[in-house]
Every structure is written in C-alpha cells, then in structure tokens.
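# Observations on the model geometry
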Amino acid sequence: MRDLRRRLVSHVIMMLCVLSVALALIPLALVLFYVVSRGISSLSWTFFTRMPAPVGEPGGGMANAIVGSLLVTGIGALFAIPVGVLAGIYAAEHRGTRLASAVRFAADTLNGVPSIVIGVFAYSVAVLPFQRFSAVAGGLALGIMMLPLVTRTAEELLLLVPASLREGALALGATRARAVFTVVVPAALPGILTGVLLALARVAGETAPLLFTAFNNRFFTTDVRQPVSTLTVQIYTYAISPYEDWHRQAWAGALVLVALVLTCSLLARVVTARMERMRVG
Amino acid sequence: MIGSRPRSDDWLFRVGTGIFAVLVIGVVSAIALELYRESRLSLHEFGWRFWQTDVWDPVAGEFGARPFIWGTLYSSVLALLIATPIALGIAVCISELAPRPLQRPLVFLTELLAAIPSIVYGLWGIFVLVPLVRQLEVHTPDWLRALPLFKGPPVGVGMLSAAIILSIMVIPFTSSIAREVLRAVPQSQREGAYALGATRWEAIRMALFYARTGIIGAVMLGFGRALGETMAVTMVIGNTPQISLSLFAPQYTMAAVIANEFAEAAADLYLHALVEIGLVLFVITLVINVISRAFIWSLGRPARARRTRTAAAPALESA
C-alpha cells in the first residue's frame, strides 16, 4: 500500500518534470512562430536596401540600421577579441598564479553585470567627455560585453589542447611564446573562433547599452564619431511607436535578428560537434 | 618542468599577455569607479533618503528611488517563483530521465531560449503576451479582484506580464547550471538509493539534496539575471513609479528607468541620480553573482572527497 503510494508519487513527479520541459518550449515555439509569421510578410528586398520611410509612407527599410549594427559590433569585436584572447592565453598559461585567478574572477563578474550598467559606463567614458553620442561609444559598450565571453572561451579551449603538443614543441627547443603561438593556439583556434562567433551573436542582439551610446540616427552614416542607428534600437523605437507600418518593420527586424542569432548558434554547434569528434577519434 | 629556466623571451611573453589580463580586471574596476564618480552629486545630496522616498519628479528636482528598487525586486522574485520549479524540472528531465539521443536536442532547445535577444522578447511581449494577460485580467472574477494582489484596472501591461517574460528569460540560465550541478553528483549516489529500494523520484531527490548548494547557486544566478534584465521588462511593465503588491498594476524597475530617461537627462543632478540607480544595480548583481558562484564552486570540491566515504558503501552492497 505504502509502496504503491510512493511509486505513484514518483510517477506524478516525473510527469511534472516532462511537463516543465513542455512549459518552457511553448513560449519558445510561440516567439519563433510570431517572429517568423509576422516578420516574413513585411520582409522584402527593400528592407535591406532602403532607408526608413517617414510615418504614413508605407515601405522603406532599415539599410542604415543594418550597417550601423555591423559597424558597432565590429568596433566591439576589434576591442574585445585581441584583449580577450591574450588575457585568456595568460590565464591558461599561468594557471595557478594569483593574476590568472583574478582574471577569471573579473571575467565572470563582468559577465554578470547588467548590460544597461555597461551602457551607463560607456556613456560616462565615451559620450560625456566628447559631448556627443557616437558609434565608438556603442562599440565600446558591446566590446565590454563580449570581453568575458571571449576571455573565458579562449582560456578553456587552450586548456583542452593536449599537453603533449606543447611539450613536443618545447622539446624541439621552441621558446614558451613560440610554442604557444605556433602550436597551442592554432590547435585551439576553431574552438576560439566558435566562442567569438557566439559572443558576436549575443552582443548583436543587445539594445540596452546602445540606447544612450550609439543612440540613433535617421540617416545613413559610417562615420564612427557620429551617432548611428542600429537594428535593435530601431526595432525598439518602432515597437513602442503607435504606427501600424512601423510595427510591421519591427517584426521584420526581429526576424532578421533572430535568423542571425540562430545561424550563429547552429554554426557554433556544428563546429563544436566536429571538434569533439576529432578529439575522440 | 616548463619554464624552470627563465629566459628573456619567457619574461616578454608573460608581461605581454599579462598586460591584457590586467586590462580585463581594470575594466571591472573602472566600471565601479566611474559609476561612483558620476553619481556622487546624488549620493551627497540625498544620501539614504534617495532609497526611502517615493516621489520621482525630475522637473521639480525630487528623486526618490524606492519604487524602482521595489519593482526590480518584486518582478525578479515573482519571476523566480515561476522559473525555479520549471527550470529544475527541465534539469531533472534532461539529465536523469531523457533517453540519450533526446538529451542533446533538448539542451539545444532550452539554450535557444537564452539566445533569443531581449528586444525580441519585448516585441513579442507587447503584441502577443500583453493582450493575453489583459484577457486574463478582464476575466478574473470580482471576488478575486478585491484582493490586494489583483487590484487595479485590467490594462495588460504591468507586473504580471513582466514577471512572465522574465521567467521565460531566466529559465535557460537556471536550468543549464542545475543540469551541470546534477551531472557532478556521483552516479553511485543514485545507485545506492536504488539499491535501498528507492523509487525514481526518491533517488533523484537524493541527488538534488546532495547537490543542494549548487542548486541554490543556480537559482541565485537566475535571480541576478532577472534583476538586470532591461529591454523586455521596460516594454511590458508599464513604467509607472509606484509601490503596489498588485500583479495587475503597472510599475517600474531600476533598469527600465535608466533605459527610458538616461538619454534625456539634461540636469547634472538628474543624470547623477540615474547613475546612482545603476551603481546600486551593479553592486547588487555583483554580490549575488559572487555568492552564487561560491555556492556552485563549493560543490565541486568536497564532492570528490565525499564520494568514496558515503556513496560507495551502498553501491558495493548492491553488487
């Protein structure tokens, strides 16, 4: 009797666990469904090639915002990739030193800092002194967001490289730096690139830190000292506007963004799977 | 041993990469310093009063931030109440129940939840979730609406919408850490439980109990995420600075007020007041992250030592 009840309780709870997976997948399916179904009807070639249309005029696109997003994300990558990879190399090569632990701790801390706070920081160091919103300020904010992801990935992947590779290089008389840069880093490179890709995908979808750094711009610009429009901020502006046309544009923008992020994640997954197979095989 | 003979080249390598390592640490310190520097006017002007008063009127120069901290904490706690059981259920399902070929796709799908940008959740929230919540509010029976928890006109935007959207965004974080933590529980723990005649749930409960510090860490990490989430919440919470228990009431959060007002804050004091909100958000999330990581790490070390002592005995008996 007691046994029966225990088994029943067990079954019920196991069912609840399966149910919770379903509960989490419902919003995922709903979000993807709405983004695709609403976005696809307003997405056309002009979305990528035209400038935003004034209120009331149908059509128009987000050419300036797409270029702006690439620009800002690119500036961020330019800052985050060298710093992150080299800091990761330090942390991996000098494992056990106090500085290496401190880097790991700092990167994890930075990873937990809300994006809006990083925006405030970028504002105070890159907007306030020059009294101007700019693509550089937005790039700085995104770069800081990428930094912990790149650092930690680089470190972890370098540690995965078999010690025999490094020892082989050292045994052949290579200096430490040479062994690291010509043998260890190339071995870990596909993985590090994957991490960079994922970091790019993540920050490309960021809005909060750009609101008051890159700000917005109705016009096309590639001048990094000027405020620049980005895909995410443009979606936000359109979403909270009262105009039907703009809402459609926002959905189209969301579709482009989600497609970009999903492509990057899938690509990263394929690379990771291949790397794992290599290691096993 | 590598590097036992110091060479000038080694030294260069160490310093060359070390500079960048220091730079990463420098960024974190710079954020803290800069936030303090840019909020000092407000810190000195208002002191603790800033967090004890409710009137937020930038035109009159009155800055009381209590409604924002209330909104942030309330929405995050509500989100955790929804997200924690679901996230733990997912973790258990993936790591303990799902057949092997299903595990990877399930992990991928839950991680996809984390990959969708906040702005997309916000857009979806405005046009899909808020109307749904409004319907729910309209159809709430009157006797329920009399309770303080459900007071107010059914507008859709408000605490409930924010909590739901936050919980969706937090679930993947909590569940992926909980999954990792469960994976660190030695298999012999479960085998031991089964050997003593435990049902599946009882064995899993053992594993969960064994991993409790890590689980607490996972939940706290989710809390830290929820506190700092900006765009999606800003778009559905209603942006009204008021302290209310009601789930239906539009409210405001710390991150949302910065997002909405920062670009137009012209007066120095106004700007400093907003930065102070950012500073406090920074400190709170920092503390929560550090504590949760300590919890998660603490599981990693003793687990190995304990394995041989307690878990092996029942496992041996069952053999």
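This is a predicted model, so every value here is computed, not measured. (Residues numbered from 1 in each chain as written. Chains lettered and ligands numbered in written order. Predicted model: local features only at pLDDT ≥ 70, side-chain atom pairs only at ≥ 80, totals over all residues.)

Moving on, we get to the overall build of chain A. Counting secondary structure elements, chain A contains ten helices and zero strands. In chain A, the succession of helices and strands from N to C terminus is α-α-α-α-α-α-α-α-α-α. On the principal axes, the C-alpha backbone points of chain A span a range of 70 × 70 × 35 Å. Taking the contacts inside chain A whose residues are at least 6 apart along the sequence as the reference set, 73% of them involve residues at least 24 apart. (Helix = DSSP H or I, 4+ residues; strand = E, 2+ residues; numbered from the N terminus. Contact = placed C-beta atoms within 7 Å.)

Glancing now at the overall build of chain B. A count of helical and extended segments in chain B gives 13 helices and two strands. With respect to the principal axes defined by its C-alpha atoms, chain B has extents near 75 × 70 × 35 Å. Here chain B, with 319 residues, has 49% of them falling under the buried criterion. Within chain B, counting contacts between residues at least 6 apart in sequence, those at least 24 apart form 77% of the total. (Buried ≥ 20, exposed ≤ 12 C-beta atoms within 10 Å, placed from the backbone.)

Between chain B and chain A, the contact holds 70 residues from the first and 70 residues from the second. The leading source of residues in the side of chain B that touches chain A is helix α1 (residues 8–37) of chain B, at 17 residues. Taken together, the residues of the side of chain B that touches chain A break down into 47 nonpolar, 14 polar and nine charged. (Nonpolar A, V, L, I, M, F, W, Y, C, P; charged D, E, K, R; others polar.)

Turning our attention to the domain arrangement of chain A. How big an interface is tends to be stated in terms of accessible area lost as the parts join. Parsing chain A into structural domains produces domain 1 (2–30) and domain 2 (49–280). Relative placement of domain 1 of chain A and domain 2 of chain A: their C-alpha centres are 38 Å apart. (Domains from an automatic or database assignment.)

Let's shift gears to the nonpolar core. Within the largest apolar cluster, 186 residues are counted, with the highest numbers of intra-cluster contacts made by B:Val120, B:Ile165 and B:Val236. Each of domain 1 (2–30) and domain 2 (49–280) of chain A contributes no fewer than three residues to this core. (Core = buried A, V, L, I, M, F, W, Y, C linked by C-beta atoms within 7 Å.)

What follows covers the environment of B:Leu286. Along the polypeptide, B:Leu286 turns up in helix α13 (residues 268–318). Residues B:Leu286 and B:Gly224, spaced 62 residues apart in sequence, show a C-alpha to C-alpha distance of 8.2 Å.

Residues and elements named next belong to chain A. One can find Glu93 in helix α3 (residues 63–93). Judged by the 24 C-beta atoms lying within 10 Å of it, Glu93 is buried. Residues Glu93 and Arg176 lie 83 residues apart in sequence; the distance between their C-alpha atoms is 9.4 Å.

Another aspect to go through is helix α10 (residues 212–228) of chain B. Along an α-helix, residues three or four positions apart point the same way, because every turn accommodates 3.6 residues. If you check α10(B), its first and last C-alpha atoms are 25 Å apart, about what 17 residues at 1.5 Å a residue would give, namely 24 Å. Counted residue by residue, α10(B) has 14 buried out of 17 residues, so it is predominantly covered. (Expected span 1.5 Å × (residues − 1).)

This brings us to helix α3 (residues 66–97) of chain B. A rise of 1.5 Å per residue sets the reference length of α3(B), with its 32 residues, at 46 Å; its end C-alpha atoms lie 45 Å apart and thus fit the reference within 8%. Helix geometry: α3(B) is bent most strongly at B:Ala83, by close to 35°, with proline B:Pro85 lying one to four residues after it. (Bend = angle between axes of the 7 residues up to and from the residue.)

Right, let's get into the environment of B:Ala193. Residues and elements named next belong to chain B. As for its placement among the helices and strands, Ala193 is situated in helix α8 (residues 187–195). Owing to 22 C-beta atoms within 10 Å, Ala193 belongs among the buried residues under this scheme. Sequence separation of Ala193 and Met206 is 13 residues, and the distance between their C-alpha atoms is 7.4 Å.

Another point: the packing of helix α7 (residues 159–183) of chain B against α10(B). Residue and element names in this part refer to chain B. Between α7 and α10, the least distance of the axes is 8 Å, while the angle of their chain directions is 155°. Comparing their axes, α10 and α7 come out roughly antiparallel. With respect to the hand of their crossing, α7 and α10 are arranged in right-handed fashion. Note on element contacts: α10 touches α7 through Gly214, Ile215, Gly217, Ala218, Val219, Leu221, Gly222, Arg225 and Ala226, opposite Leu166, Val170, Phe173, Thr174, Ile177, Ala178 and Val181. Split into classes, the residues belonging to the contact of α7 with α10 amount to eleven nonpolar, four polar and one charged. (Axes fitted to C-alpha atoms, helices over the stretch in contact; angles between N-to-C directions. Parallel < 35°, antiparallel > 145°, perpendicular 65-115°, else oblique. Left-handed = near helix turned anticlockwise from the far one by under 90°.)

Moving on, we come to the packing of helix α5 (residues 115–127) of chain A against α1(B). α1(B) packs onto α5(A) with a crossing angle of 75° between their chain directions and a minimal axis gap of 10 Å. The angle between α5(A) and α1(B) places the two elements in the roughly perpendicular class. Contact residues: A:Val120, A:Phe121, A:Ser124 and A:Val125 in α5(A); B:Ile31, B:Glu34 and B:Leu35 in α1(B). Its residues assigned to classes, the contact of α5(A) with α1(B) shows five nonpolar, one polar and one charged.

Residue and element names in this part refer to chain A. Non-glycine residue Gln131 carries a positive phi angle of around 55°. Relative to the elements of secondary structure, Gln131 occurs in the loop between α5 and α6 (135–160). Looking at Gln131, the number of C-beta atoms within 10 Å reads 6, which means it is exposed. If you check the backbone angles, Phe215 has positive phi at about 60° while not being a glycine. Looking at where Phe215 falls in the secondary structure, it is placed in the loop between α8 (176–204) and α9 (231–239). Take Phe215: there are 22 C-beta atoms within 10 Å of it, and that puts it in the buried class.

Let's shift gears to the confidence of the model for chain B. All names here are of chain B. Averaged over every residue, the pLDDT of chain B is 87; the share at 70 or more is 92%. The model gives residues 302–319 a pLDDT under 50, and that stretch makes 18 contacts with residues more than four places away or in other chains. Interface confidence for the predicted complex, expressed as ipTM, amounts to 0.92; the pTM equals 0.90. (pLDDT = per-residue confidence, 0-100.)

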